[in-house]
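What follows is each chain in one-letter form.
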Amino acid sequence: MSLTTTAVDALHEAAEADGDLTFDGLRLAVDDDGYRLETPASGWAGLDEAELRDALEAIPAYVTNWRYWRRSIGGEGTARQAFLRWCERAPIDGEATDRSGDGDPDERGSADREKTGATLAVPDRYEALRGGIDREWGQLSITARFVDSDGADRLPGERVYDLRHVDDADTDLADLDAYDDPRTAREIATYDEDGRYRPLKTAPTLVSGWAFTDLSGAELVEAIEFFYPATIANWHRERRGELDVDHWRGTAERQTGIYDVVDELPREAVEWMAEACCADSQCLRRREWQYDEDDDLDADGGDGRFPCREPCSLVVAAARKWAILESEAERTYELELTMSELNQLEALIDAVADGRIDEIREADVNDGANRYRARYLRAKRFDDEGSLRAREVDD
Amino acid sequence: MQALVIAAHGSHLNPDASDPTYAHADRVRETGAFDEVREAFWKEEPHFREVIRTLESDEVFVVPLFISEGYFTERVIPRELRLEKWDPDLWESDGTEASDATLEASDVDKTIHYCGPIGTHDAMTDVIVQRAESVTGDPGVGEGVGLAVVGHGTDRNENSAKAIEYHTERIRERGRFDEVRALFMDEEPEVDDVTDYFESEDVVVVPLFIADGYHTQEDIPEDVGLTEDYTTGWDVPAEVDGHRIWYAGAVGTEELTADVVLERTADAGADIGDAVDEIRARVRSATDGDGGSGRADTNAGAGD
């Protein structure tokens, strides 16, 4: 990779303005003896301007890396910048660099590295960016890589980003529908593969079969904002220890109008609600909100990459229904069922709750939630009005 | 840097409810007047609660994509945006005069210019007239034609009717249409009897709603008598009791609505350059060109 003079010029100019410039392992200082230039692997001192230019030409990765982050991306301290640095495993906000990371392609994206959050120093990162660095964000697979060719609008070291469904990570691009306008993400995210509306953007039902390629950093962030709104902002806040969590009590008490009733939902029902709605199988966010500040829910919050800082509008809307239903008194009913029919009722509820209906084979009459079994039970146990023949027992 | 947030209701059940919000946001994006443009919703994502934190701009202009001042604009949106020191009195409005108020949001370090809803802005009058032009395909529509501005109307919110009556009066004063009437779904005078209120043979019916849904695509067409069954669609114009009724759904889907959004931000101090002229020119060329859509999309489902 050849260095353009513009990158050297810009770096030189920035050092002159700042006096001392430090970025991603690169240090360029101006003192009485001239320029001092350092990287983790090399160092020069007492350079005049011509010597500085020669030295910079010898460390092109550090120079173009500085240019990309400081000039193309910018936005120091922003969620956008932090996210794009996370995409290529660059250290964020002064986090330590993992110098042992060798960028082995086989290791990229492996669970261990994900867990340790290992970051890469500039030379390793540059090596990895040539092949592409993959990251997962919910059901999205992001690849950060260098542009295929340098040109007038393609500066050396410039990154681009590819975005696709994690299920398509190994699919040939030619087999996917290609897009370049981030706004298309809104349409892709609207319906699931059965054509049903997805009111919850973080439901694990994103359709596959599409790809955005060659996105700029700003375009990648815009697309993700449409797929998973506000996830980058809250992830960034969490990393900085600034995530503001609004727990159930506060959220419920704030509601007015038809939602005024949700604060009447009993505590144990909030537990059931979290178990029903906030599991990984239903939502990719990790629930961080609890019943109250000092009162944690027992229900597991999930393992999602991005935090959920407050009950969402779907949960609040469902809570209204449950608050109304839970205000009903319990009664005792008597109905005739065989043991197997009782078991079948359980199987039916499970199948609906787990969204398993479509998987039950037509002729699998061993499954209690099989449609013929359900129709048989209805024919046998329902009365002419279509109700279960149950008799309320007097106290 | 300055950002625009368009705050709308959205729906958990109907994916079309947010279409106008996205469409107007895109039109504003294309003018380049704002560094950032973001949609936000009560029932969709990003929620009002989270939207401001997704912005990098220090100055944020929030425009509610609602018809009337009332519960959502005065209580829900300011509360969910965490607008400190919000008080409806800051708008000094009797129901149709809200302009803007400048506040801080407690979870972000930004200045929020909270604007009145689009439905009560003077520029919305032009959108209603533009709607009449679009639906009839006649840029000069007016002479010999009656215009019915239709609102929901409700006993629970007196401001709901005020917005409708406000624009009705403004259009009437212009003298362009032979007759102009405000009609309602849930209060008198009712849209069911639309032909009783007009002598003109041609009547353009413009519902002052933000998005198409249950009311504009099911209720009103049946109430007005355009069709017995909304699922079978209706003609535009349709013959009803000796009148020709021109109808094309929610005014909020009209392209010129993006202009009202921009006007709201300009009133609140946003620097929008000539973005308003840009949008008006585009709408004008579209209307002069193909004569407008002339027919409603009847596929939109119900909101919740």
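Residues numbered from 1 in each chain as written. Chains lettered and ligands numbered in written order. Predicted model: local features only at pLDDT ≥ 70, side-chain atom pairs only at ≥ 80, totals over all residues. Heavy atoms only, no water.

*Asks:* How should I be thinking about the packing of aromatic side chains in this particular structure?
*Replies:* For any pair of aromatic rings, the description rests on two quantities: the centre-to-centre distance and the angle between the ring planes. Tallied over the entire structure, the rule returns 26 aromatic pairs over all chains. An angle of 45 degrees between the planes, with centres 5.3 Å apart, marks the rings of A:Tyr228 and A:Phe306 as tilted. Pair noted here: A:Tyr228 is in the loop between helix H8 (217-227) and helix H9 (231-239) and A:Phe306 is in the loop between strand S10 (286-287) and strand S11 (307-308), with a separation of 78 residues, a long-range link. Here A:Tyr228 and A:Phe306 have matching classes, each one buried. Between B:Tyr22 and B:Phe41, the aromatic rings sit 5.7 Å apart at their centres with planes inclined by 65 degrees, giving edge-to-face as the arrangement. In this pair, B:Tyr22 sits in helix H1 (residues 19-31) while B:Phe41 sits in strand S2 (residues 36-41), placing the two residues 19 residues apart along the sequence. Exposure class is identical for B:Tyr22 and B:Phe41. Each is buried. Chaining the aromatic ring pairs together yields one cluster made of A:Phe83, A:Trp86, A:Trp137, A:Tyr228, A:Trp235 and A:Phe306. (Phe/Tyr/Trp six-rings, centres within 6.5 Å; stacked < 30°, edge-to-face > 60°. Helix = DSSP H or I, 4+ residues; strand = E, 2+ residues; numbered from the N terminus. Buried < 20%, exposed > 50% of the residue type's maximum accessible area, 1.4 Å probe, protein only.)

*Asks:* Would you explain the nonpolar core in this entry?
*Replies:* Across soluble globular proteins, you tend to see nonpolar side chains buried next to one another. Ranked by size, the top nonpolar core spans 74 residues in total, and within it B:Phe34, B:Leu147, B:Phe177 and B:Leu262 carry the most contacts. Per-element tally for this core: the top contributor is helix H4 (residues 123-136) of chain B, with seven residues. Leaving out residues up to four positions away in the same chain, B:Phe34 has contacts with B:Gln2, B:Ala3, B:Leu4, B:Val28, B:Phe61, B:Leu262, B:Thr265, B:Ala270 and B:Ile272. Ranked by size, the runner-up nonpolar core spans 63 residues in total, among them A:Leu47, A:Ala82, A:Phe83 and A:Val221. (Core = buried A, V, L, I, M, F, W, Y, C linked by side-chain atoms within 4.5 Å. Contact = heavy atoms within 4.5 Å.)

*Asks:* What should I look at first to understand empty space enclosed by the protein in this one?
*Replies:* The probe, sized like a water molecule, is rolled over the atoms to show the empty space still left. Scanning all chains against the criterion turns up three cavities of 30 Å³ or more. If you add up the space inside the largest cavity, you get close to 290 Å³. A:Pro311, A:Cys312, A:Ser313, A:Leu314 and B:His47 are, among the 27 residues lining the largest cavity, the residues nearest its centre. With three residues, helix H12 (residues 313-326) of chain A is the single largest residue contributor to the lining of the largest cavity. By residue class, the composition of the lining of the largest cavity is twelve nonpolar, five polar and ten charged. The computed volume of the second largest cavity comes to approximately 60 Å³. What lines the second largest cavity is A:Arg186, A:Lys201, A:Glu225, A:Phe226, A:Pro229, B:Tyr22, B:Arg38, B:Glu39, B:Glu45 and B:Pro46. Residue assignment for the lining of the second largest cavity shows that the elements contributing at least two residues are H8 of chain A together with S2 of chain B. (1 Å grid on protein atoms, 1.4 Å probe; cavity = no way out; pocket = protein on both sides within 12 Å on 5 of 7 lines; lining within 4 Å. Points joined across faces, edges and corners; volume = space filled by probe spheres on them. Nonpolar A, V, L, I, M, F, W, Y, C, P; charged D, E, K, R; others polar.)

*Asks:* What exactly am I supposed to notice about the interface of chain A and chain B here?
*Replies:* The interface of chain A with chain B comprises 32 residues on the first partner and 30 residues on the second. Where chain A abuts chain B, roughly 2,600 Å² becomes buried across the two surfaces, and 43% of that area is made up of carbon and sulfur atoms. Of all residues in chain A, A:Arg186, A:Tyr197 and A:Arg254 give up the largest surface area on contact with chain B, accounting jointly for 21% of the area buried on that side. B:Glu45 is paired through a salt bridge with A:Arg285; the nearest N and O atoms lie 3.3 Å apart. Inspection of the chain A/chain B interface yields 23 residue pairs in polar contact (both at pLDDT 80 or more). Counting only elements with at least two residues in the side of chain A that touches chain B, the list comes to H8, H9 and H12 of chain A. For the side of chain A that touches chain B, the per-class residue count stands at eleven nonpolar, eight polar and 13 charged. (Buried area = accessible area lost by both parts, 1.4 Å probe. Salt bridge = Lys/Arg side-chain N within 4 Å of Asp/Glu carboxyl O. Polar contact = N/O pair within 3.5 Å; in protein donor to acceptor, adjacent residues only side chain to side chain.)

*Asks:* Please clarify how the sheet that holds strand S7 (residues 179-184) of chain B should be interpreted in this entry.
*Replies:* The strands making up a sheet associate through backbone hydrogen bonding, with each pair oriented either parallel or antiparallel. Residue and element names in this part refer to chain B. Within the open sheet, the five strands sit side by side as S7-S6-S8-S10-S9. Their pairing is mixed. Looking at the sheet topology across the chains shown, the edges are occupied by S7 and strand S9 (238-240). Neighbour-to-neighbour, the strand axes of the sheet open up by a mean angle of 30 degrees, direction not taken into account. Summarising the sheet, strand S8 (residues 202-207) and strand S10 (residues 243-247) pair through four bridges and their orientation is parallel. Within S10, the residue paired with Val203 across the bridge is Ile245. The sheet strands contacting H4 are strand S6 (145-151), S8 and S10, and the helix crosses S8 at an angle near 125 degrees. Lying on the sheet, helix H6 (residues 214-224) is in contact with S6, S8, S9 and S10; it crosses S10 at an angle near 175 degrees. (Pairing = 2+ DSSP bridges. Axes fitted to C-alpha atoms, helices over the stretch in contact; angles between N-to-C directions.)

*Asks:* Honestly, helix H11 (residues 267-277) of chain A in this entry has me stumped. Any pointers?
*Replies:* Residues separated by three or four positions in an α-helix point in the same direction, a consequence of the helix having 3.6 residues per turn. For H11(A), every residue scored as buried is listed here: A:Ala269, A:Val270, A:Glu271, A:Met273 and A:Ala274. For H11(A), the elements touching its buried residues are helix H10 (248-254), S10 and H12 of chain A.

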